[in-house]
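What follows is each chain in one-letter form.
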Amino acid sequence: MKTKLLYILMMLFVYSAFAKGKPVMQDVAGKLSCYCGTCPHLVVTECGCSTAGQIKADIQKMIDEGQTEDQIIQSYVAKHGQTVLAAPPKSGFNLTAWVLPFLAFAIGGFLVIAFLKKERKAYSLSSEPAPREMGEKELHYRDLLKQELEERK
Amino acid sequence: MLPEIGQYTLIAAGVLCLYSMIACVTGARLRRADLVESGERAVVGIIFLVFFASGLLVYSLVISDFRLEYVAQYTSTTLPLQYKITAFWGGQAGSMLFWLLILSVYTVIALIQNQNKNRQLMPYVTAVLSGICLFFIVMLIFAADPFKRLIPVPVEGQGLNPLLQNYWMVSHPPALYAGYVGLSVPFAFAMAALMTGNLETGWIKAIRKWTLFSWLFLTVGILQGSYWAYIELGWGGYWAWDPVENASLMPWLAATAFVHSVMIQEKKGMLKMWNMVLVLIAFTLSIFGTFLTRSGVVSSVHSFAQSPIGTYFVVFMALQIGLSVFLLLMRKKELAPEARLESFVSRESSFLFNNVFFLVICIAVLCGTTFPILSEWVTGSKVTVSAPFFNKVVMPFAIGLILLTGICPLIAWRKAGLKNLQRNFVVPSGFALIATIILAILGVHHWLTLLFFFSAMFVLVTVYVEFNKGTRARMAMVSEGAPAALYHLVERNKRRYGGFIVHTGIAVIFIGIAASSFYQLEKEVTVKQNESFAIGAYTLKYSDLQFLQDAHKEVWQARLDVFKGEKQVAVLQPERHFYKNSDQPTTEVAIRPFWNEDLYLILVGPDQAGAGIFKVFVNPFIGLIWRGGLIMALGGLVILLPEFKPEFATSTASEIAAEEPAT
C-alpha cells in the first residue's frame, strides 16, 4: 500500500515538473491586464480589442522563442509598469490586499466562536432548562395534545 | 432664465430640508406636535421642488437646450428621444439629482406608511432623511450643478457615450439607484431608534421590508448590469469586477447579511447591536458606492483631487460614520440581548457564520476595489486589481456561503442534536453527491465545477425537501390537492418559502457560473467570404459583409450561417458601430441561445483585405445566470407581498412547526 502511495506521489511530482516546462499562452495572458484604454482593465484573454490580440500574438512568439512565464511577464512589467499585472504581486505592500480578506475571515470566525462560547456559558448559568430533542413518539403526543387543546377552545 | 429657475428651485428645496430637520427635532424635543407636523409637511414641499427641478432638467435635455453645460455634455440634437431622457442619470450632476428625486419620493412614502405608527421615531426619521436630501442638494448647488450655464452656447452637444445608448440604460441605472437610495430609509430608522432610545423591535419591523425592497432592486439592477455587459461590451463575459459593479455588490452583500440576521432579533431579541451595525454598513456602502463611481477616485487619486464632489462625500461619510458610532456607543447598554445563545450547532449560530461569510466577501471586494488607491497613496506606485485577484480571493468564501445556504435551513433553532442533523442532512447530501458523480461520469472533471455543482445541488435538494414536506403536510391536514396545498403553503408563510425561492435562484446562478467559467470555448478567426470555421458542435459560414450608415453612425454588419451537423440552426449578424460623436467603436454582439449553451459572436472588424475577423465563444449554461436571477427576484417579490391574514385560525401542529422563516 505504502509503495503504491509513494509511486502515485512520485508520478504527481514528475507530472507537475513537466507541466511547468512550457508556459501556455492563455495562462500568461490571463495574468496581464489590457492597456488599450477602452476597457475597464480587462484581462488580456478577455479583452476583444486589437491591442489584446497583439499582446497575445507577442506572448505566443516569446513562448516559441523559449522564454519562461516569469521572463515574459517581467518584460511586460519593465515596459508598461506594474499596472500591466492583472493582480498585484504577492509581495511587499501588495501582500496586504491578498492577506486582508483571509485575515478578516480568521478574525470574524474567531469572534463568532468566542461570542458563542460566552453565550453558552451565560446560558448554562441562567436557570432556563436545556431543551431536549423530541423523539418521534413525543412529537406525535405533542401534536395530539395541541389538537385536543384546539378542540376544547 | 431657465437655468436660474432650476438653481433657485434647488436652493429653496435645500432651505426646506433644513427647516424640516430643525422643526422635526425641536418639535420632538419640546413635545410640540404642531412643530413636528410642520416639519413633516415640509417634506411635501421638498418633493414638489425636487420634481420641478428634475422636470426642468429633463425638459432641457429633450429640447437640447445647450445653454446648460450638462445638456451639451451628454446629449446631441441627433440623439434619439429615449436617450435624451435617460441622459438625466447618464452623467454626474444628473445622477445626483436623480438620487435626490428617489430619496424625496421614499421619504414621503415612509411618512405616509407611518402616519399612525412609530410616532416617536418619525420626527427623527424625517430629520435624518431630510439631512441626506440636504447633503445632495448642497452638492448639486456647489459642486455638481446640473443647471450650470455654458458660455458660449454650442450649436451641437457632445452626445451620449455610445455604450450607454442601449435599452438597458433605461432600466438598469434606475433599478440600481432605487436599491441604493432605498437603504437610506433603514438607516434613518436606525438612527432615529438610537437617538430616541426607542430600541424595541418596532423599528426593525418597519425597516425589514425597506431593506428587502432595496435588496430586490439591487439584485435586479446587478443582474441587468451583468446582462448588459454580456450582450453589449462584447468580451464574452458578464462580470469584470469593475469598480462600478463592485460598488453595487457591496451594499447588496451587507443588506443580504442583514435580512438574515434580523430574523434572530425578531425571533429572539438578540443581535440588536449587530443588526444596527449592519444597517449602518449597508447605508455607508451605498453612499461609498456612489462616491466611488462618481468622484473618479478609482481611476486615480489625482482625479479625486480634481473632482469637486469627492471632498463633499468624504466629509458627509465622516460625519455620518462618526455620529453613528457615537450613538451606538451611547446606547450600548440598551442594545443588550434579551436571550442567550445556547449551542454552537443551531440556526442562530449558523446565521452568525453566514454573516461572517457575507461580510468577508464584502471586505474582499472593498479591499480589491480600493487597493489601487491605497497603493498609490502609500507606495506612490499604481497597481491593477482585476478579475484574477477577485476570482481567487472571493471564490473560497462564495463556495462556503453557498454550502451554508443549504446547511442553515436544515439546522434547528436553539439547539440541534445529532438526530436532527442526521435526519436532515442525509438526503440532500446523498442526492447532491450522486448528481455530482453522474456529472463526473458524463465527462465534467474540473474539480471546481464539481464542487460548485455539488454545493448548488445540495441547496436545490434541501429546498425541494422543504417544499415537499410542507405541501404533503397540508395535503394530509387540510385535504387539498397538491397545487392548492403548495399555493397555500407559500401564501401563508411568504418569508420562509420566498426565502427558499431566492435560495433556488442563487443555486441556479452558481451552476451557470461554474459551467460557463470553466467550460467556455473561445476562438478568434480571420476568414474570407464563403469560408467556414468550426467551434464546438457548430460550423459558421461567413457569407456576407455590409456597410450601412444613418445620421448617427456607420455600421459594419456581417452575416454568418450557423450549422449544427448538416442542419442550419441560425443566421447571426454581428455588427461593429462607429458613432460620429465618439472615437470609440462599439460591438453589437450576435447571440444564439440554445437550451444548453449560447453561441456568442463578435465582429472584430473587416481586415484590410476584406476578410472578416471574428471572435466566437460557446458559453455553456450561461443563461442559467439570468434565469436564476429571475427566480431570485420572484422569491424577493413573494417575501414582499402583503401579509395574508386568515379570517379564523386553523393552524395545525405541522403548520406551526413549518411556520418559521427560512434563512
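In what follows, the accompanying structure is described. (Residues numbered from 1 in each chain as written. Chains lettered and ligands numbered in written order. Predicted model: local features only at pLDDT ≥ 70, side-chain atom pairs only at ≥ 80, totals over all residues.)

### Notes on the pairing of strand β6 (residues 575-579) of chain B
All names here are of chain B.
- Two elements, strand β4 (residues 553-564) and β6, share five bridges in a ladder whose sense is antiparallel. Paired with Trp556 across the bridge in β6 is Arg576.
- Two elements, β6 and strand β7 (residues 586-588), share three bridges in a ladder whose sense is antiparallel. Bridge pairing links His577 to Thr586 in β7. (Pairing = 2+ DSSP bridges. Helix = DSSP H or I, 4+ residues; strand = E, 2+ residues; numbered from the N terminus.)

### Thoughts on the interface of chain B and chain A
- On the chain A side, the residues contacting the 47 residues of chain B number 39 residues.
- Those elements that place two or more of their residues in the side of chain B that touches chain A are α14 (347-378), α15 (387-407), α16 (418-441) and β9 (597-606) of chain B.
- For the side of chain B that touches chain A, the element with the highest residue contribution is α14(B), accounting for 13 residues.
- Tallied by class, the residues present in the side of chain B that touches chain A amount to 24 nonpolar, 14 polar and nine charged. (Contact = placed C-beta atoms within 7 Å. Nonpolar A, V, L, I, M, F, W, Y, C, P; charged D, E, K, R; others polar.)

### A word on the sheet that holds β9(B)
All names here are of chain B.
- With respect to topology, four strands assemble into an open sheet ordered β1-β10-β9-β8, the strand pairing being antiparallel. A single partner strand is all that each edge strand has here, and the edge strands are β1 (521-527) and β8 (590-593). Each strand axis lies, on average, 15 degrees off the axis of its neighbour in the sheet, ignoring direction.
- As judged from the four bridges shared by β8 and β9, these two strands associate in the antiparallel manner. (Axes fitted to C-alpha atoms, helices over the stretch in contact; angles between N-to-C directions.)

### Concerning the environment of Asp607(B)
Residue and element names in this part refer to chain B.
- Note that Asp607 resides in the loop between β9 and β10 (612-620).
- Separated by 79 residues in sequence, Asp607 and Lys528 place their C-alpha atoms 9.7 Å apart.
- Ignoring sequence-local partners within four residues, the contact set of Asp607 consists of Thr526 and Ile613.

### Side note on helix α10 (residues 243-268) of chain B
Residue and element names in this part refer to chain B.
- Taking 1.5 Å per residue, 26 residues should reach 38 Å; α10 reaches 38 Å between its end C-alpha atoms and fits that length.
- The sharpest bend along α10 comes to roughly 25 degrees, located at His260.
- α10 sits mainly inside the fold: 22 of its 26 residues count as buried.
- Looking one or two residues beyond α10, the residue adopting positive phi is Gly269, at roughly 70 degrees. (Expected span 1.5 Å × (residues − 1). Bend = angle between axes of the 7 residues up to and from the residue. Buried ≥ 20, exposed ≤ 12 C-beta atoms within 10 Å, placed from the backbone.)

### Considering the pairing of β4(B)
Residue and element names in this part refer to chain B.
- Here strand β3 (residues 538-549) runs beside β4; their pairing, made up of 11 bridges, is antiparallel. Bridge pairing in β4 places Tyr538 opposite Lys564.
- Between β3 and β4, which pair antiparallel and follow one another directly, the connecting turn spans three residues.
- Both β4 and strand β5 (residues 567-572) contribute to a ladder of five bridges, which runs antiparallel.

### So, unusual backbone geometry
All names here are of chain B.
- With an omega of 0 degrees, the peptide bond between Ile151 and Pro152 qualifies as cis.
- Along the polypeptide, Pro152 turns up in the loop between α6 (122-142) and α7 (168-182).
- Unlike most non-glycine residues, Asn530 shows phi in positive territory, near 70 degrees.
- Tracing the backbone shows Asn530 in the loop between β1 and β2 (532-535).
- Here Asn530 falls in the exposed class, since 9 other C-beta atoms lie within 10 Å of it.

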